[in-house]
Each structure stands twice: as C-alpha cells, then as structure tokens.
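Here is how the chains run, residue by residue.
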2 protein chains.
Amino acid sequence: MSKASARSAILDATKRLLWERGFEATSPRDVLDASGAGQGSLYHHFPGKLALGVAALEEIAAEEVAAMDAIFDPALPPLKRVRAYLERKRDPLKGCRLARMANEAAIEQPEFRRPIAAYLERIETHLRTSLEEAGAGGELKAGADPAVLAAALLAIVEGGFVLARAHWDGERMVRAVDGGLALLDGFTAAETSR
Amino acid sequence: MSKASARSAILDATKRLLWERGFEATSPRDVLDASGAGQGSLYHHFPGKLALGVAALEEIAAEEVAAMDAIFDPALPPLKRVRAYLERKRDPLKGCRLARMANEAAIEQPEFRRPIAAYLERIETHLRTSLEEAGAGGELKAGADPAVLAAALLAIVEGGFVLARAHWDGERMVRAVDGGLALLDGFTAAETSR
DNA sequence: GTCTATAGGGGGATAGAC
DNA sequence: GTCTATCCCCCTATAGAC
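Only a predicted model underlies this, so the values are computations on that prediction, with no experimental measurement involved. (Residues numbered from 1 in each chain as written. Chains lettered and ligands numbered in written order. Predicted model: local features only at pLDDT ≥ 70, side-chain atom pairs only at ≥ 80, totals over all residues. Heavy atoms only, no water.)

Engineer: Even after reading the chapter, I still don't get the protein's contact with DNA strand C, so can you show me in this structure?
Structural biologist: The local shell around DNA strand C holds 18 residues, among which Ser-27, Pro-28 and Gln-39 of chain A together with Gly-38 and His-45 of chain B are the closest. Within 4 Å of the protein, atoms of DNA strand C come from sugar and phosphate in 57% of cases. Contact between DNA strand C and Pro-28 of chain A: a phosphate oxygen at 3.0 Å from a main-chain N or O atom of the residue. Here Ala-6 of chain B contributes a backbone N or O atom positioned 3.1 Å from a phosphate oxygen of DNA strand C. Every element with two or more residues in the surface near DNA strand C is listed here: helix H2 (28-35) and helix H3 (39-45) of chain A together with helix H1 (5-21) and helix H3 (39-45) of chain B. Residue contributions to the surface near DNA strand C peak at five residues, all from H3 of chain B. Looking at the surface near DNA strand C, its residues break down into four nonpolar, 12 polar and two charged. (Near = heavy atom within 4 Å. Polar contact = N/O pair within 3.5 Å; in protein donor to acceptor, adjacent residues only side chain to side chain. Helix = DSSP H or I, 4+ residues; strand = E, 2+ residues; numbered from the N terminus. Nonpolar A, V, L, I, M, F, W, Y, C, P; charged D, E, K, R; others polar.)

Right, dumping it as structure tokens:
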C-alpha cells in the first residue's frame, strides 16, 4: 500500500470524517492530520474543500449504491427485497452516510448534492420497481401506489435517522422502521410472503 | 419596543439564523450583525454560543409546540387531526426548524437536544393519542399499532424534509407525505372520516 | 446593561523548495 | 507529487469604559 499515495489517503480520511462530523465541521487541516498527508498534497489533487467533499461523496455513494443493489437482489421475491431494505442493520446514531449532509449549506451546490441525490434516487427506484413487480404478481392490494409508497418508505428510514439522533436513542429509528414494515403489511394482499 | 433591548434582539436574530443556516454555521458575529447589538451584550446575557443556541431553540420549540397543539385540536375528529398534521403547509427546502439540527455536532449535548426532542415527542404523542382515540372509536383496522404508526408518520415528515433538501425539490416531500396519507387510509376502517 | 476594542486560535488557501 | 512554511480572515471569547 505504499503507492496508495497521498490522494487516496486524503480521500479515505475525508470519507471517514464526513460520516463522523459532516462537511462543514471537517476542516482541510483535520483531513491532513487524519491522513498523514502534507498541506500541498490536498491542493495538488483537489482545487479546494468543496471539490474534495464532492469526490469523497462520490466514492461513498458508489459504495452505498453497490450495497443497495446487493440488497435488492432480483433473485428474491419483490416484497422480500423491500423488507430486506427496511430491516437492514444500521447504526442510527451515526446517521445516513449521505443524507446526513442534507442540512449543510453546501447542499445548495448542485455538484455537492448530486451523489447524495443519486444514492437516494437509486433506493427509491429499487423500492418502486420492487413494489410494482409485487403488484403485477397480485401481491399488493388494489389502490396501492408503488411510487408513493416507495417515497414514504425511504422517508421513514431517513427520518428514522433524524429521530434517533434528536433523541440520542437508536430505538426511535427502530420504531419508525417497524411502522414502515406495518405499512408494507397493510398493503400486502392476504396470502403472500412475509 | 424600546425596552425589547439587546437580549431579545439577539434571541430573535439567533432564531432566524438557526433556521436559515443551522447552529455551527451561525457565528456570534453573525448574530450581532443581524441584531444590531454589541459584542458585550451577547456575553452579558449568555455564557457562550451553546447557551445562546439552547435559549433560542427553547423559544422555537415553544412556538412550534403551540402550533402543533393548535393543529391537534381535540374538537376535531381524531383522524382529521392526523390528516391536518400531515397536510400542514410547509416549506420543504427550509427544513424543520428544530429537527434540522439533528446532524450538528452539538446534538450530543443533552441541553441542546432537549428542546428538539421535546418538540418531536409532543408531535408523536399527539399522533399516538389521536390514533388511539380513533381506534377506540372503531375507526382503525384491527392490528394497527398507534405507537408504531405515530413514529412512522413523524419519520415520514422529517424524512420528507431531508429528501426535499437532498434533491433540492420540494415535490419529494409532498410525495413522501402522500405516502403517509395512504398509510393512514390503509389502516382506516372502511366507513369513517377522510 | 450596553458598548468598542482586542485577543488567541483555527479556518481555507497559497508559495515554493525538494 | 509531496512536503513545510506562511498568509489573511473569521471564529469564539474576554477586557474594560460608559
């Protein structure tokens, strides 16, 4: 790993600090201290703090999108995929690696929010298409709108992180997600999965 | 209003800036510039930035709790109260005045999160008791758990703010809340409100 | 209770040697 | 491509006159 070089050390440190502290609270100095790189290396590879943050977010998004693609395994029955997403193991107090940044001032910069939005969009699409597939298979009740249910389930998870952090109690997220599972059950036609 | 004095000018400016930018992004200097007060006034009335933020959050929480208490008017049928909460007019891109702070480092301080948690708890309690009342009146389907549904509905609203800001598109929140309304309909026994 | 002046430290960024 | 040294500005807080 000697040729991992300063660039990747800087990116790795940034990815870690973004999750722990967010963007504004992470200074270039913090990144350098955490990575062991020198002052000039950062500004050689990135034009500034914003670009560094964007590059780190893009790597984080790539990792998390891959994890989501694995969870929404097309080999599984569609409603099992949705349940797998809701029941995924999470650390509520750490917040969502990407959506955690939604309230930073930098979110107004399109390049900053692009990887975050892409990640959320991917989940919502997986949820919607899974629900559509379930509906086509007669597993959903009539009147269930996959697009609207997908948006609500995603909001429950992201809102669950917020509630957990606001109360500093991971159980708050668990309860919200349980509500999401109940929501799913409520729209599931009698027979199927579970 | 001449005796409104520096203290309330400082608090008002802080309340405004907390909503616009959050806590870390708001400096004591910003507050002084926005309020017209002098440097010393801030530190005469508050021991430091954290205490100022807490005092401002307590006022914001008091205002928002009052607004919630008005929405959950006991004179209304219980399910109408829940719908009124979900359908409340909001500015999705501005975020929740209180829960917006959930990802700031200061949230780890108990006094900082107390007003935020109290506000969220109040909403959740209103939702739960309204749903319990609806259940007692036979308006909810069997198996609907008011506590879990309340947590999910609150998470949908708070998560909706996050989705809207991440996409910089208020429609994202509208869709999530529509899912909340569908969730409610799904657990409503055939005849009732709407 | 309010003000102006100021301090010490860290923020983001640049210069330029190696 | 990497490093050390340095810059200017703003951050939070204190001093002390009025």
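Next, the rest of the story.
Engineer: Just to check I follow, could you spell out the interface of chain B and chain A for this structure?
Structural biologist: One frequent convention defines the size of an interface as the accessible area lost when the parts assemble. Listed by partner, the interface residues are 42 residues for chain B and 42 residues for chain A. A buried area of about 3600 Å², summed over both sides, lies between chain B and chain A, and 64% of it is on carbon and sulfur atoms. Viewed at the interface, chain A and chain B are joined by six salt bridges. Where Glu-121 of chain A meets Arg-172 of chain B, a salt bridge forms, and the shortest distance between an N and an O atom there is 2.8 Å. (Contact = heavy atoms within 4.5 Å. Buried area = accessible area lost by both parts, 1.4 Å probe. Salt bridge = Lys/Arg side-chain N within 4 Å of Asp/Glu carboxyl O.)

Engineer: Help me understand unusual backbone geometry in this model?
Structural biologist: Most peptide bonds adopt trans geometry, and most residues besides glycine take a negative phi value. All names here are of chain A. Positive phi, normally seen in glycine, also occurs at Trp-168, with a value near 50°. Within the secondary structure, Trp-168 sits in the loop between helix H7 (146-167) and helix H8 (171-186). On the basis of relative accessible area, Trp-168 is assigned to the partly exposed category, the value being 29%. (Buried < 20%, exposed > 50% of the residue type's maximum accessible area, 1.4 Å probe, protein only.)

Engineer: Even after reading the chapter, I still don't get the packing of H7 of chain A against helix H6 (residues 110-136) of chain B, so can you show me in this structure?
Structural biologist: A pair of packed helices is captured by two measures, namely the crossing angle of their axes and the spacing between those axes. It is at 8 Å that the axes of H7 of chain A and H6 of chain B come closest, and there the two elements cross at 130°. Here H7 of chain A lies oblique to H6 of chain B, going by the angle between them. Contacts from Leu-163, Arg-165, Ala-166 and His-167 of chain A in H7 of chain A reach Arg-113, Ile-116, Ala-117, Leu-120 and Glu-121 of chain B in H6 of chain B. For the contact of H7 of chain A with H6 of chain B, a count of residues per class yields five nonpolar, one polar and three charged. (Axes fitted to C-alpha atoms, helices over the stretch in contact; angles between N-to-C directions. Parallel < 35°, antiparallel > 145°, perpendicular 65-115°, else oblique.)

Engineer: Looking at this structure, how should I read the protein's contact with DNA strand D?
Structural biologist: As a structural note, the neighbourhood of DNA strand D is formed by 17 residues, with Gly-40 and His-45 of chain A together with Ser-27, Pro-28 and Gln-39 of chain B the closest of them. Backbone atoms, meaning sugar and phosphate, form 56% of the atoms of DNA strand D found within 4 Å of the protein. Within the backbone of Gly-40 of chain A, one N or O atom sits 3.2 Å away from a base oxygen of DNA strand D. Here a phosphate oxygen of DNA strand D and a backbone polar atom of Pro-28 of chain B are 3.1 Å apart. Those elements that place two or more of their residues in the surface near DNA strand D are helix H1 (5-21) and H3 of chain A together with helix H2 (28-35) and H3 of chain B. Of the residues forming the surface near DNA strand D, the biggest block, five residues, is contributed by H3 of chain A.

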